[in-house]
Amino acid sequence: MTIDDALFAARALVLRDLNARKTDSPNAVDVLDQVVVERRWWVEQWPDGADFVAGLIAQDVQERMLDGGLGRWPRCTACDDTSVHELRIEPELGPDPHWVCEKAGMTVAALGSL
(Lines give C-alpha, C1' and ligand atoms only; values in the text may rest on other atoms or scores of the structure.)
Protein backbone atom coordinates (compact mmCIF):
# COMPACT_ATOMS: atom_id res chain seq x y z
CA MET A 1 0.00 0.00 0.00
CA THR A 2 1.38 3.41 -0.92
CA ILE A 3 1.34 6.35 1.44
CA ASP A 4 -1.34 8.02 -0.68
CA ASP A 5 -3.47 4.86 -0.62
CA ALA A 6 -3.20 4.65 3.18
CA LEU A 7 -4.13 8.31 3.63
CA PHE A 8 -7.03 8.22 1.18
CA ALA A 9 -8.39 5.02 2.75
CA ALA A 10 -8.12 6.53 6.24
CA ARG A 11 -9.84 9.72 5.08
CA ALA A 12 -12.68 7.68 3.57
CA LEU A 13 -13.22 5.71 6.79
CA VAL A 14 -13.34 8.80 8.98
CA LEU A 15 -15.56 10.66 6.51
CA ARG A 16 -17.96 7.71 6.47
CA ASP A 17 -18.24 7.89 10.27
CA LEU A 18 -18.66 11.67 10.23
CA ASN A 19 -21.47 11.19 7.73
CA ALA A 20 -23.07 8.36 9.72
CA ARG A 21 -23.42 10.67 12.72
CA LYS A 22 -24.49 13.63 10.55
CA THR A 23 -21.44 15.61 11.61
CA ASP A 24 -19.91 15.96 8.16
CA SER A 25 -20.27 19.74 8.06
CA PRO A 26 -17.86 21.72 5.89
CA ASN A 27 -15.94 22.69 9.04
CA ALA A 28 -15.60 19.07 10.14
CA VAL A 29 -14.45 17.99 6.68
CA ASP A 30 -11.91 20.84 6.69
CA VAL A 31 -10.60 19.50 10.01
CA LEU A 32 -10.34 16.03 8.50
CA ASP A 33 -8.46 17.30 5.46
CA GLN A 34 -6.02 19.29 7.61
CA VAL A 35 -5.33 16.24 9.76
CA VAL A 36 -4.71 14.06 6.69
CA VAL A 37 -2.20 16.59 5.34
CA GLU A 38 -0.43 16.76 8.70
CA ARG A 39 -0.32 12.95 9.14
CA ARG A 40 1.38 12.56 5.73
CA TRP A 41 4.68 13.52 7.34
CA TRP A 42 4.23 10.88 10.03
CA VAL A 43 3.63 8.12 7.48
CA GLU A 44 6.51 9.31 5.32
CA GLN A 45 8.81 9.03 8.34
CA TRP A 46 7.49 5.60 9.31
CA PRO A 47 6.10 3.83 6.22
CA ASP A 48 5.45 0.67 8.26
CA GLY A 49 2.94 2.73 10.24
CA ALA A 50 0.60 3.06 7.25
CA ASP A 51 -1.66 0.39 8.77
CA PHE A 52 -2.02 2.54 11.89
CA VAL A 53 -2.70 5.95 10.33
CA ALA A 54 -6.50 5.56 10.09
CA GLY A 55 -6.91 5.30 13.85
CA LEU A 56 -4.55 8.20 14.42
CA ILE A 57 -6.46 10.38 11.97
CA ALA A 58 -9.74 9.52 13.68
CA GLN A 59 -8.28 10.45 17.07
CA ASP A 60 -6.82 13.69 15.73
CA VAL A 61 -10.14 14.69 14.15
CA GLN A 62 -11.95 13.86 17.38
CA GLU A 63 -9.63 16.08 19.42
CA ARG A 64 -9.66 18.96 16.94
CA MET A 65 -13.43 18.96 16.67
CA LEU A 66 -13.79 19.20 20.43
CA ASP A 67 -11.06 21.84 20.74
CA GLY A 68 -12.52 23.80 17.82
CA GLY A 69 -16.00 23.98 19.33
CA LEU A 70 -17.55 21.51 16.88
CA GLY A 71 -18.61 19.20 19.71
CA ARG A 72 -17.94 15.68 20.86
CA TRP A 73 -17.65 13.18 18.04
CA PRO A 74 -18.73 10.51 17.72
CA ARG A 75 -21.17 10.59 20.59
CA CYS A 76 -21.98 7.27 22.10
CA THR A 77 -25.50 6.08 21.42
CA ALA A 78 -24.78 2.44 22.18
CA CYS A 79 -24.95 2.28 25.95
CA ASP A 80 -27.47 3.10 28.65
CA ASP A 81 -25.40 5.93 30.17
CA THR A 82 -27.31 9.15 29.56
CA SER A 83 -24.35 11.47 30.14
CA VAL A 84 -22.89 12.91 26.94
CA HIS A 85 -19.73 11.02 26.09
CA GLU A 86 -17.90 10.04 22.96
CA LEU A 87 -16.56 6.80 21.63
CA ARG A 88 -12.83 6.18 21.59
CA ILE A 89 -10.54 4.47 19.12
CA GLU A 90 -8.84 1.25 20.15
CA PRO A 91 -6.11 0.34 19.81
CA GLU A 92 -4.61 3.81 20.16
CA LEU A 93 -1.82 2.74 17.81
CA GLY A 94 -2.49 -0.43 15.90
CA PRO A 95 -4.17 -2.02 12.93
CA ASP A 96 -7.93 -2.53 12.61
CA PRO A 97 -9.07 0.44 14.71
CA HIS A 98 -12.55 0.30 16.20
CA TRP A 99 -14.82 2.56 18.22
CA VAL A 100 -15.43 1.59 21.82
CA CYS A 101 -17.56 2.96 24.61
CA GLU A 102 -15.16 3.16 27.52
CA LYS A 103 -18.00 3.71 30.01
CA ALA A 104 -19.74 0.46 29.09
CA GLY A 105 -16.57 -1.37 28.10
CA MET A 106 -17.97 -2.46 24.77
CA THR A 107 -16.91 -2.39 21.15
CA VAL A 108 -19.41 -0.43 19.05
CA ALA A 109 -18.09 -0.60 15.48
CA ALA A 110 -15.01 -0.78 13.32
CA LEU A 111 -13.70 2.58 12.13
CA GLY A 112 -15.77 3.44 9.06
CA SER A 113 -18.74 1.34 10.17
CA LEU A 114 -20.73 3.55 12.56
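I will try to describe carefully the structure that is included in this document. (Residues numbered from 1 in each chain as written. Predicted model: local features only at pLDDT ≥ 70, side-chain atom pairs only at ≥ 80, totals over all residues. Heavy atoms only, no water.)

## Comments concerning unusual backbone geometry
Outside of glycine, negative phi angles account for most residues, and trans bonds account for most peptide bonds. In this structure, the amide linkage connecting Trp73 to the following residue, Pro74, adopts the cis form with an omega of -20°. In this structure, Pro91 follows Glu90 across a cis peptide bond, with omega equal to -10°. Turning to its location among the elements, Pro91 is positioned in the loop between strand S1 (88-90) and strand S2 (98-101). You will see that Asp96, though not glycine, has its phi angle at about 55°, which is positive. With respect to the secondary-structure elements, Asp96 resides in the loop between S1 and S2. For Asp96, a relative accessible area of 64% corresponds to the exposed category. (Helix = DSSP H or I, 4+ residues; strand = E, 2+ residues; numbered from the N terminus. Buried < 20%, exposed > 50% of the residue type's maximum accessible area, 1.4 Å probe, protein only.)

## Here's the deal with the environment of Leu114
Within the secondary structure layout, Leu114 lies in the segment after strand S3 (106-110). By relative accessible area, Leu114 is classed as partly exposed at 26%. Sequence separation between Leu114 and Asn19 is 95 residues; the distance between their C-alpha atoms is 9.1 Å. Aside from chain neighbours lying at most four places away, what touches Leu114 is Asp17, Ala20, Arg21, Pro74, Leu87, Trp99, Val108 and Ala109. (Contact = heavy atoms within 4.5 Å.)

## Some remarks on the nonpolar core
Residues Val14, Val53, Ile57 and Val61 are the most contacted members of the largest nonpolar core, which totals 29 residues. Elements represented by at least two residues in this core include exactly helix H1 (3-20), helix H2 (26-45), helix H3 (53-67) and S2. (Core = buried A, V, L, I, M, F, W, Y, C linked by side-chain atoms within 4.5 Å.)

## Topic: the sheet that holds S1
Ordered by their spatial adjacency, three strands build an open sheet running S1-S2-S3, and the pairing between neighbours is antiparallel. Among the strands making up the open sheet, the edge pair consists of S1 and S3. Pairs of neighbouring strands in the sheet enclose a mean axial angle of 40°, with direction left out of account. As paired elements, S2 and S3 share four bridges and run antiparallel to each other. Its bridge partner being in S3, Trp99 is matched across the sheet by Ala109. Seen against the sheet, H3 touches S1 and S2 and runs at an angle of roughly 165° to S1. (Pairing = 2+ DSSP bridges. Axes fitted to C-alpha atoms, helices over the stretch in contact; angles between N-to-C directions.)

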